[in-house]
Amino acid sequence: MAGVVYLGHDNELAYILKDNGTAIPTSAVVRMTLRIGKTLLTSTNGATQAIRWDGSTYQTGEIHIVAGRTTGIAPHIYRSPLVVYTSTDSSGIVWGEVHLDVRSDPEAT
């Protein structure tokens, strides 16, 4: 099942990063990228960025994706690679694919 992204809206998708079934701490993560079609989202965990982690109420390994306000993404079903960077993994680790069902703004005319 794909997470649903509504263009023009702030819906958050929450995921837990796991290694061999165990949630991994994200405290060492310095950057994440997520490619949605031709658009590359890059985040350093800023409060207004499209990928967020280490929130005060987040569980171990929890990340949030808020891509609905990102420009350049067309409605489509995507298999989006998530890459996680730490200070010791400066080339990044491809964590896997996030399946996204990007839909048009339901309020648009």
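Refer to the structure presented above.
Structure report, in brief. Since the model is a prediction, treat every value here as computed from it, not as a measurement. (Residues numbered from 1 in each chain as written. Predicted model: local features only at pLDDT ≥ 70, side-chain atom pairs only at ≥ 80, totals over all residues. Heavy atoms only, no water.)

## Re the sheet that holds strand β10 (residues 93-103)
Next up, step 1: Taking strand neighbours across the sheet as the criterion, the five strands line up as β1-β10-β9-β5-β6 in an open arrangement whose pairing is mixed. The open sheet has two edge strands with one neighbour each: β1 (3-6) and β6 (39-43). Neighbour-to-neighbour, the strand axes of this sheet turn through a mean angle of 30 degrees, independent of strand direction.
Next up, step 2: Two elements, strand β9 (residues 76-86) and β10, share nine bridges in a ladder whose sense is antiparallel. (Pairing = 2+ DSSP bridges. Helix = DSSP H or I, 4+ residues; strand = E, 2+ residues; numbered from the N terminus. Axes fitted to C-alpha atoms, helices over the stretch in contact; angles between N-to-C directions.)

## A few points about the pattern of salt bridges
Next up, step 1: Under the counting rule described, the total for this entry stands at four salt bridges.
Next up, step 2: A salt bridge links Asp-10 to Arg-69; the shortest N-O distance between them is 2.7 Å. In this pair, Asp-10 is assigned in the loop between β1 and β2 (13-16) and Arg-69 in the loop between β8 (62-65) and β9, connecting sequence segments 59 residues apart.
Next up, step 3: Its relative accessible area of 56% is what places Arg-69 among the exposed residues.
Next up, step 4: Linking Asp-101 and Arg-103 is a salt bridge whose minimum nitrogen-to-oxygen distance equals 2.9 Å.
Next up, step 5: Residue Arg-103 is classed as partly exposed on the basis of its relative accessible area, which comes to 36%. (Salt bridge = Lys/Arg side-chain N within 4 Å of Asp/Glu carboxyl O. Buried < 20%, exposed > 50% of the residue type's maximum accessible area, 1.4 Å probe, protein only.)

## So, the side chain of Asp-101
Next up, step 1: Relative to the elements of secondary structure, Asp-101 occurs in strand β10.
Next up, step 2: Once residues within four sequence positions are removed from consideration, Asp-101 is found in contact with Ala-2, Gly-3, Val-4, Val-5, His-76 and Ile-77. (Contact = heavy atoms within 4.5 Å.)

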